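Here is how the chains run, residue by residue.
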Amino acid sequence: MIPNQRHLFDIPDGITYLNSAARSPLLRASVAAGKAGIARKARPWELDPEAVPAEAETVRRLFAGMIGATAEDIAVTPSTSFGAAVAARNVAVAEGQSILVPN
């Protein structure tokens, strides 16, 4: 049996929350990471552009591990539309065929 994990969540004493299937509370660590990400995004001029490639490689490696792929299987793009456009340009399309992209 898994020991009590209440300390990992911001659930006050006296509260028993059972609706986790519909609206799960976030882990304290997730809340902290989210706040750090928002704070970082709020001041983009302070971001180190030299760090972006290493961060992208870390994201590729971690995501690949989650889905059973390799980092080489994962593309990190600046936006979904850019990624879809790159993919569409690299697919052979015969006359009469179409590529649908999200609008």
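One can find the structure itself at the top, above this paragraph.
Residues numbered from 1 in each chain as written. Predicted model: local features only at pLDDT ≥ 70, side-chain atom pairs only at ≥ 80, totals over all residues. Heavy atoms only, no water.

(A) Representation of the overall build of the chain. For the chain, the helix and strand inventory stands at three helices and zero strands. The order of helices and strands in the chain, counted from the N terminus, is α-α-α. Relative to its length of 103 residues, the chain is extended, with a C-alpha radius of gyration of 20 Å against a globular reference of 13 Å. The principal-axis extent of the C-alpha atoms belonging to the chain is close to 65 × 35 × 30 Å. Looking at the chain as a whole, 7% of its 103 residues are labelled buried. (Helix = DSSP H or I, 4+ residues; strand = E, 2+ residues; numbered from the N terminus. Rg over C-alpha atoms; globule rule 2.2 N^0.38 Å. Buried < 20%, exposed > 50% of the residue type's maximum accessible area, 1.4 Å probe, protein only.)

(B) Broad picture of the pattern of salt bridges. Throughout the structure, instances matching the rule amount to three salt bridges. For R40, the salt bridge is made with E55, and the minimal N-O distance between the two is 2.8 Å. Of this pair, R40 sits in helix α1 (residues 28-42) while E55 sits in helix α2 (residues 52-67); the two residues are 15 residues apart in sequence, bridging distant segments of the chain. Here E46 ties to R43 by a salt bridge, and the two come within 2.9 Å at their closest N and O atoms. Since its relative accessible area comes to 40%, R43 is described here as partly exposed. (Salt bridge = Lys/Arg side-chain N within 4 Å of Asp/Glu carboxyl O.)

(C) Representation of α2 within the structure. Between its first and last C-alpha, α2 extends 23 Å over 16 residues, near the 22 Å set by a 1.5 Å rise per residue. Residue G68 follows α2 closely and has a positive phi angle near 75°. (Expected span 1.5 Å × (residues − 1).)

(D) Molecular detail of a nonpolar patch on the surface. A cluster of nonpolar side chains, contributed by V91, V93, I99 and V101, occupies part of the molecular surface with about 320 Å² of accessible area. Here V93 falls in the partly exposed class, since its relative accessible area comes to 40%. (Patch = residues over 30% accessible without salt bridge, like charges linked within 9 Å, V, L, I, M, F, W, Y side chains within 5 Å. Areas by Shrake-Rupley, 256 points an atom, 1.4 Å probe, with all protein chains shown as cover.)

(E) Highlighting the environment of I99. Counting through the fold element by element, I99 comes out in the segment after α3 (80-89). Under the relative-accessibility criterion, I99 is labelled partly exposed at 38%. For the pair I99 and N19, spaced 80 residues apart in sequence, the C-alpha separation works out to 42 Å. For I99, the contacting residues outside a window of four places in its chain are A88, V91 and V93. (Contact = heavy atoms within 4.5 Å.)

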